[in-house]
Amino acid sequence: MSTPPRAFDLQSMFQELRGNRRTQAALVAFALVLAYALYTILAPDAPRAKQATAAGSGSTLDPRQLLGLRKLPDLAALDRAGELPPAAKVQRDLFLFEAPPPPPKAVKPPPPPPPPSPEEVERQRLAQAKAAEFAGRPQTLRYLGYFKGSPSGLVGAFMKGEEPVTLTQGAMVGDRWKLVTILDTRAEFQNTKYPDLRLVLEARDASGGAPVNQF
């Protein structure tokens, strides 16, 4: 006749744990192994689950596959791989592909200025004529002063280089320069063709001081 199984004695097991050091060590080792197994199974799944959720709902990829794909960021643009760049970027001459850039376009010169009007032409002609007349003024004369002649009236005394020259009021020098004014300190000539052209000679002493009548 078989012996009936004995009931589980919890009190005896606790007494065994308190008294047997081998049993205590085995229980501690079992707890560590169990904790490590739970960590390796559950802990890595949490980040992968979060990454899969961030990648978008409805993904059928394994979390490990998603982790591997994220190491290749360029794959995110694969849906646009078939798109071509704008036409201006693909229209290239194969023979000039490695050639230097073309020279800059020539700048179009500005249009020539409009021709001068008849009034402007006349003003330019008159200015040139006056400049030519003024160039022939009696600038080589040096005024010394004047004295009264009889019966000629006022006579201006001048020096032309080392040669003395006397001119009465109203006398002509050259073709168109007339002595119109004789004063103590200056003599004035006027052009007969262009009355606005005048030449004033001032009397100065030999040292170049203030105007003075030497007569």
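Cut-offs and rules
- Residues numbered from 1 in each chain as written.
- Predicted model: local features only at pLDDT ≥ 70, side-chain atom pairs only at ≥ 80, totals over all residues.
- Heavy atoms only, no water.
- Helix = DSSP H or I, 4+ residues; strand = E, 2+ residues; numbered from the N terminus.
- Buried < 20%, exposed > 50% of the residue type's maximum accessible area, 1.4 Å probe, protein only.
- Polar contact = N/O pair within 3.5 Å; in protein donor to acceptor, adjacent residues only side chain to side chain.
- Phe/Tyr/Trp six-rings, centres within 6.5 Å; stacked < 30°, edge-to-face > 60°.
- Pairing = 2+ DSSP bridges.
- Contact = heavy atoms within 4.5 Å.
- Patch = residues over 30% accessible without salt bridge, like charges linked within 9 Å, V, L, I, M, F, W, Y side chains within 5 Å.
- Areas by Shrake-Rupley, 256 points an atom, 1.4 Å probe, with all protein chains shown as cover.
- Salt bridge = Lys/Arg side-chain N within 4 Å of Asp/Glu carboxyl O.
- Axes fitted to C-alpha atoms, helices over the stretch in contact; angles between N-to-C directions.

With that settled, the discussion passes to the overall build of the protein. When helices and strands are counted, the protein shows six helices and seven strands. Starting at the N terminus and walking to the C terminus, you meet the elements of the protein as α-α-α-α-α-α-β-β-β-β-β-β-β. Expressed as a percentage of its 215 residues, the buried residues of the protein come to 14%.

Looking now at the side chain of Asn-191. One can find Asn-191 in strand E6 (residues 186–191). Taking the relative accessible area as the measure of exposure, Asn-191 reaches 1% and is therefore buried. Among the polar contacts listed, one links the side chain of Asn-191 to the backbone nitrogen of Lys-193, at a separation of 2.9 Å.

The next thing to look at is the packing of aromatic side chains. Enumeration over the complete set of coordinates arrives at three aromatic pairs. Plain terms: the ring middles of Tyr-143 and Phe-158 are 5.2 Å apart, the flat faces sit at 45° to each other, and that makes the pair tilted. Note that Tyr-143 is positioned in strand E1 (residues 141–149) and Phe-158 in strand E2 (residues 153–160), a separation of 15 residues in sequence. Aromatic rings pair up to connect Tyr-143, Phe-158 and Phe-189 into one cluster.

If you trace the four strands from one edge of the open sheet to the other, you get E4-E5-E6-E7, paired in antiparallel fashion. Looking at which strands have only one partner, the edges of the open sheet turn out to be strand E4 (172–173) and strand E7 (198–202). As defined by bridge partners, strand E5 (residues 177–182) adjoins E6 across five bridges and the pair is classed as antiparallel. Considered in E6, the bridge of Lys-178 is made with Gln-190.

Our next topic: the environment of Leu-201. Residue placement: Leu-201 occurs in strand E7. For the pair Leu-201 and Arg-186, spaced 15 residues apart in sequence, the C-alpha separation works out to 5.4 Å. Contacts of Leu-201, omitting those with residues within four sequence positions, involve Pro-138, Leu-141, Tyr-143, Phe-158, Thr-185, Arg-186, Ala-187 and Phe-189.

Before going further, it helps to examine a nonpolar patch on the surface. Together, Leu-27, Phe-30, Leu-34, Leu-38, Ile-41 and Leu-42 line one region of the surface with nonpolar side chains, adding up to about 620 Å² of accessible area. Locating Leu-27 in the fold gives a position in helix H2 (residues 21–42).

Pairing of E1 with E2, which is carried by eight bridges, proceeds in the antiparallel orientation. Bridge pairing in E2 places Lys-148 opposite Leu-154. Linkage of E1 to E2, two consecutive antiparallel strands, is achieved through a turn of three residues. Across six bridges, E2 lies against strand E3 (residues 163–168) in antiparallel orientation. Bridging from a neighbouring strand, Gly-156 pairs with Leu-167 of E3. Remark: two residues form the turn of the hairpin made by E2 and E3, two consecutive strands paired antiparallel; Gly-161 in that turn has positive phi of roughly 70°.

Our next topic: the environment of Gly-161. Along the chain, Gly-161 falls in the loop between E2 and E3. In this structure, the C-alpha to C-alpha distance between Gly-161 and Thr-140, residues 21 residues apart in sequence, is 7.3 Å.

Reading across the sheet, the three strands line up as E1-E2-E3 and stay open at both edges, with antiparallel pairing between neighbours. Each of the sheet's edge strands pairs with one partner strand only, and the pair in question is E1 and E3. In this sheet, adjacent strand axes meet at a mean angle of 25° when their direction is disregarded.

Spatial relationships are all this shows, so hold off on functional conclusions.
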